[in-house]
Every structure is written in structure tokens, then in C-alpha cells.
Amino acid sequence: MTDYNEIKNDAKTRMEKSFESLKADFGGLRAGRAHASLLDGITVEAYGSPAPLSQVGTVSVPDARTLSVSVWDKSLAKAVEKAIRESDLGLNPVSDGQLIRIPIPPLSEERRKELVKVAGKYAEQGKVAVRNVRRDALDGIKKLKKDNAISEDEEKKYENEIQKLTDETIKKIEDEFARKEKDIMQV
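Visitor: Would you take a moment to explain the pairing of strand 6 (residues 99-103) for this structure?
Guide: Sheet faces and side chains relate simply in a regular strand, where the side chains alternate between the two faces. Of the two faces of strand 6, only the one carrying I100 and I102 is buried; L99, R101 and P103 on the other face are not. In terms of strand pairing, strand 4 (residues 66-71) meets strand 6 through five bridges, oriented antiparallel. Each residue of the ladder has a partner; that of L67, found in strand 6, is I102. Direction of pairing for strand 5 (residues 94-96) relative to strand 6: antiparallel, over a ladder of three bridges. The residue of strand 6 that forms the bridge with S95 is I100. Where strand 5 folds back on strand 6, the antiparallel hairpin that results is connected by two residues, among which G97 adopts a positive phi of roughly 75°.

If you want it as C-alpha cells, here you go:
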């Protein structure tokens, strides 16, 4: 990295990507309602290699308590059913030829608490990713100081700016987690 602006912009971009990734992870956690994005993280063994579910069939939401997957190639129906069953979503698909119906069971209190724990784990991973970005940015600032590209006062100022950016992103992560927790626990 040649200058502070480059370091700061890189850190900002990477922190934002960490936050977006967390939101995508949260999207995969169901809160008792059927939602097509629920199956986004599922990969199916198709033609000898793993493929996202969206590349082997169409996911639709016929009603609030049911998902359905219309598999394009009938020979993959069993593999799709297996992938859904083995995912950590606790779903039990029912195959009907090329159409796979997935009833969404109402969440028990125990399952809701488990999902909140999973969401907490995702949030913690997001925070760790943000802290790693902060560490990389601070290393870049130290290198600029070592190369005499910036003064000691600038070094302190830049370190404080990176810390502020880190704090803001972690606050966003915590807010998103609180929102998701409320969503999961709502009956």
C-alpha cells in the first residue's frame, strides 16, 4: 500500500464485505416463515461436482409454511432431497418426482434458542473478520511510519480513524444481530 487513503479505502471495503457476508449468513437462518433465500447455502452433488441448489432447480414459496424445489433434471431429485435433509436447517423434504416439497415446521422454543446461538456465532465471526481487517490496516500504517512516509502525529491520527471505522462496523454487526435475534424469538 502506497498511502493512507489506499489503506483506509481497502479497510472500509473489506469491513463492508464482512458485514454483507454476515447479512447473507443471517438470511439463511429461518425465523419460522418460508423464504426462498433459506435454501441459498445448500450445495447439491450434481454430475460429479458440487453445485448451488439454484443451478439445479427453481425454488418457490407456494405458501407461508412451504417451500418447493422444481428440479430441472429428474435424475438429480434424490441428490437435492439428500442435500436439503443433510443441511443444518432441520428440514424434511418430501419428493414427488421432479417436485420436492419442503414443509417448514413451526419453531419450538428450544430450536429458536439454538438458532439465536448460531446467529451469535455468525456475528462473532463477522467481528473477528473486521478486527483482522483493522490489524492489516494498522500494519500498513506502521509500515508507512517506518518508511518515513508519515509523521508520528499522522500515524496516531490514522490509527484512531481506523479504530473509529472498526467500532462503527462492529456496532452495525451488533445491531444486525439484535434485529435477527428479535426476529427469531418472535412467535
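Visitor: Mind showing me how you'd approach the packing of aromatic side chains here?
Guide: Pairs of aromatic rings are described using the distance from one ring centre to the other and the angle between the two planes. Per the counting criterion, the structure on display carries one aromatic pair. Between Y4 and Y158 the ring centres are 3.6 Å apart and the planes differ by 5°, which places this aromatic pair in the stacked class. In this pair, Y4 sits in helix 1 (residues 4-27) while Y158 sits in helix 4 (residues 152-185), placing the two residues 154 residues apart along the sequence. Look at Y4 and you get buried, because its relative accessible area is 6%. Here the guanidinium or amino end of K172 rests over the ring plane of F19, the centre of that ring lying 4.6 Å away.

Visitor: I would appreciate a short explanation of the sheet that holds strand 6 in the present structure.
Guide: Paired through their backbone hydrogen bonds, the strands of a sheet run either parallel or antiparallel. Spatially, 3-4-6-5 is the arrangement adopted by the four strands of the open sheet, whose pairing is antiparallel. Either end of the sheet is taken by a strand with one partner, and the two such strands are strand 3 (57-63) and strand 5. For this sheet the average axis-to-axis angle between neighbouring strands, irrespective of direction, equals 25°.

Visitor: What should I look at first to understand the layout of surface pockets in this one?
Guide: To find leftover empty space, one rolls a probe the size of a water molecule over the atoms. There is about 320 Å³ of room inside the largest pocket. In terms of lining, the largest pocket is formed by 18 residues, of which the most central are G28, L29, D88, L89 and Y122. For the lining of the largest pocket, the elements supplying multiple residues, two or more each, are helix 1 and helix 3 (109-146). It is helix 3 that contributes the most residues to the lining of the largest pocket, five residues altogether. In terms of residue class, the lining of the largest pocket is made up of nine nonpolar, three polar and six charged.

Conventions and cut-offs
Residues numbered from 1 in each chain as written. Predicted model: local features only at pLDDT ≥ 70, side-chain atom pairs only at ≥ 80, totals over all residues. Heavy atoms only, no water. Buried < 20%, exposed > 50% of the residue type's maximum accessible area, 1.4 Å probe, protein only. Helix = DSSP H or I, 4+ residues; strand = E, 2+ residues; numbered from the N terminus. Pairing = 2+ DSSP bridges. Phe/Tyr/Trp six-rings, centres within 6.5 Å; stacked < 30°, edge-to-face > 60°. Lys NZ or Arg CZ within 6 Å of the ring centre and 35° of its normal. Axes fitted to C-alpha atoms, helices over the stretch in contact; angles between N-to-C directions. 1 Å grid on protein atoms, 1.4 Å probe; cavity = no way out; pocket = protein on both sides within 12 Å on 5 of 7 lines; lining within 4 Å. Points joined across faces, edges and corners; volume = space filled by probe spheres on them. Nonpolar A, V, L, I, M, F, W, Y, C, P; charged D, E, K, R; others polar.

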